[in-house]
Amino acid sequence: MKKVLLLLLAVLMVLLPLAGCKPKKTNPDETTAGTEPTNSTQDDLGDKKFTGEEFKVLARRETDYEYEGNEAGSLVDQAVYKRNEAVKNRLDISLNFVFTDGDWEKSRFAFLTKCRAEVMGGGQDGYDLISTHSVYLGTLGTEGLALDLTTLPAINVEKEWWSKSSYEALSLNGHVFEMIGDIGYTIYEYMEAIFINETIFESINEDLEELYRLVDDGEWTYDKYFEYVAKYGNKDEGAEESEFTYGLVTNVHALRASFMAQDSYVYQRDENGRYYLPDTIPDKLLNLLDRGMREYSKENVMFPAAGDWGDGKWGDSIFASGRALFYEQTVGTAQKFKESMSNRYGILPLPKYDALQEKYYSECRDTLTAVSVPTTAKSPEKSGYCTEALAMYGYQIIRPAYYDTVLKVRLVDGPRYGEILDTIRDGLTYGAVGTFTEKAFTQSMFIDNCFWGNKQPATVWAENIGWCRNELDAFYSTMEKRGILD
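For the structure given in this document, a descriptive report is provided here. (Residues numbered from 1 in each chain as written. Predicted model: local features only at pLDDT ≥ 70, side-chain atom pairs only at ≥ 80, totals over all residues. Heavy atoms only, no water.)

1. So, the overall build of the protein chain
Using the following cut-off: By definition, any uninterrupted DSSP run of H or I lasting at least four residues is a helix, any uninterrupted run of E lasting at least two residues is a strand, and each is numbered from the N terminus. When checking whether two residues touch, look at their non-hydrogen atoms; a contact exists if any pair is within 4.5 Å.
Of regular secondary structure, the protein chain possesses 19 helices and eleven strands. For the protein chain, the share of sequence-separated contacts (at least 6 apart) that also reach a separation of at least 24 residues comes to 80%.

Quick look at the structure:
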């Protein structure tokens, strides 16, 4: 008996130190890169097979990395490759991605012309799915050239790999002709946020913990934001422009997103879910415009000139060189800062209108990827199954690699920033009117006209409300004739 007790004591002495050890932090490359797809019992794919048929996707060249994987490439390239292999193996399908220029400024008309020619030509090139810029892709649905995705087999817009908020914004009486989701990872890469130079913030005697406490307590507002912005920035006479410092550097897409972040829109929605323009500018929106035009015109704010879409080249370099306290930009840009910045940086959500606002709202840059199925797709069944599989396995394989590992661990390392990224992601909201009809006077156009047109908001509203309503009425009339709306 004594020997048994001594043996148990020895075992306990070995086990107790182990119980107090912290688990070793895993290497993201070792964990996520090895992620394998799962045949989820929650999916609607069943055991469907297509006996080696081809699934052909027309996509824009600018974001080809969302579809072209590489078994020997980066962590995310490997994940894209594995996603594609999972789809091919699950459905017994071959994938053929065809890329063409799809930039908004340079190529959208050519891209849409190609899509129209595909449908008018009876599906001559055999595209089963079209993937490109989320705004102009909507033209296909408006023109009756895209299928209602909710009618396709296997596609389930309620699944976590599809964006619920984009569906709610784009839905027409339950019908939707384009969707946004984990089929592409620009849904994370293009989330708008605020980068903060933490080194500068502390150098001007500000309490970094208090700043993040404001975020956690739901009290991170634009009033507080501009209080901080006002405390930094210098343009000494005789200094070179490359030596100027700024409290805030921004760009046109982030500016537009800031209005949505404050839950303020040009368009309202009635009880039937139809968008409309009120007779006068909503008071809240008018207040935001007045404040914005005042704050963004200050000397310590770097704000893009008219016609400069702020793709980030100048803003990125200013922030990376440590010359800006705050920088409004998409979260994927952190890749550049991680590679070049010597200062510490963090990430913040776009602020609330006030502390009473229910939650933090955010927006993706409108260049994110959306998908549609052309009406000439040879097999809507194949389009449905393959589109759903690409999104589902994107959620299971690419999302952990890019969002959970590259963004959260490598680029903005620390649990605090991971939680903030989740806050931004969970608050994503989308505009729809510009997607329904490019000719409509969108929120973006309204803001642009006020800021860069140097016109009073009331004047801009009065000049555009008539024809804008006509365009929107024409859109809804078309949808009614097609039986989409009652």
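2. Points about the nonpolar core
Counted only if it meets this: For the purposes of this section, nonpolar cores are sets of buried Ala, Val, Leu, Ile, Met, Phe, Trp, Tyr and Cys residues that join through side-chain atoms within 4.5 Å. The buried label goes to any residue with under 20% of its type's maximum accessible area, the exposed label to any with over 50%, and the partly exposed label to all in between, with areas taken from a 1.4 Å probe on protein chains only.
Judged by nonpolar contacts, the single largest core of 152 residues is most densely connected at Trp-220, Phe-326 and Phe-451. Counting residues per element, this core draws most heavily on helix H15 (residues 380-411), at 15 residues. In this structure Phe-451 touches Leu-255, Phe-259, Leu-289, Gly-292, Met-293, Tyr-296 and Phe-303, once residues within four positions along its chain are discounted.

3. Overview of empty space enclosed by the protein
Short version of the rule: A 1.4 Å probe that fits but cannot get out identifies a cavity on a 1 Å grid over protein atoms alone, an open set with protein on both sides within 12 Å along at least five of seven lines counts as a pocket, and a residue lines either if it has an atom within 4 Å of a point. Grid points are joined across faces, edges and corners, and a volume is the space filled by probe spheres set on the points. Note on residue categories: nonpolar means Ala, Val, Leu, Ile, Met, Phe, Trp, Tyr, Cys or Pro, charged means Asp, Glu, Lys or Arg, and polar means any other residue, Gly included.
All chains considered together, the criterion is met by two cavities of 30 Å³ or more. Counted as a void, the largest cavity has a volume near 100 Å³. Elements that contribute at least two residues to the lining of the largest cavity include exactly helix H5 (134-142), helix H17 (433-436) and helix H19 (457-481). Per-element accounting of the lining of the largest cavity gives the leading share, four residues, to H5. The computed volume of the second largest cavity comes to approximately 70 Å³. For the lining of the second largest cavity, the secondary structure elements donating two or more residues are helix H10 (222-229), helix H11 (252-261) and helix H12 (283-295). Residue composition of the lining of the second largest cavity, by class: six nonpolar, three polar and one charged.

4. Focus on the packing of helix H18 (residues 443-452) against H19
Put simply, the rule reads: Orientation is described by lines fitted to C-alpha atoms, with helices fitted over the stretch in contact, and by angles between N-to-C directions that extend from 0 to 180 degrees. Here the angle decides the label: under 35 degrees means roughly parallel, over 145 means roughly antiparallel, 65 to 115 means roughly perpendicular, and every other value means oblique. Handedness of a helix crossing follows the sense of rotation of the near helix relative to the far helix, less than a right angle counterclockwise being left-handed and clockwise being right-handed.
Taken N-terminus to C-terminus, the directions of H18 and H19 make an angle of 140°; their axes are 9 Å apart at the nearest point. Taken as axis vectors, H18 and H19 run oblique relative to one another. Crossing angle aside, the handedness with which H18 passes H19 is right-handed. In this structure, H18 uses Met-445, Phe-446, Asn-449 and Cys-450 to contact H19, whose residues at the interface are Pro-457, Val-460, Trp-461 and Trp-467. Residues that form the contact of H18 with H19 fall into these classes: seven nonpolar, one polar and no charged.

5. Here we look at the sheet that holds strand S10 (residues 345-348)
Under the convention used in this document: In this scheme, strands are said to pair when DSSP sees at least two bridges between them.
The five strands are arranged S8-S5-S9-S4-S10 in an open sheet whose pairing can be described as mixed. Where the open sheet ends on each side, the last strands, each with one partner, are strand S8 (301-302) and S10. Note: strand S5 (residues 246-249) against strand S9 (residues 324-330), three bridges, orientation parallel. If you follow Leu-248 over to S9, its bridge partner there is Phe-326. Running over the sheet, H10 touches strand S4 (192-197), S5, S8 and S9 and is turned about 135° from S9.

6. Details of the sheet that holds strand S1 (residues 53-60)
Spatially, four strands are ordered S2-S1-S3-S11 in an open sheet, and the strand pairing comes out mixed. Where the open sheet ends on each side, the last strands, each with one partner, are strand S2 (93-100) and strand S11 (369-372). When the angles between neighbouring strand axes are averaged without regard to direction, this sheet yields 25°. Summarising the sheet, strand S3 (residues 129-133) and S11 pair through four bridges and their orientation is antiparallel. Looking at the pairing, Ser-131 lines up with Val-371 of S11. Its contacts with the sheet put H5 on S3 and S11, and the angle it makes with S3 is roughly 140°.

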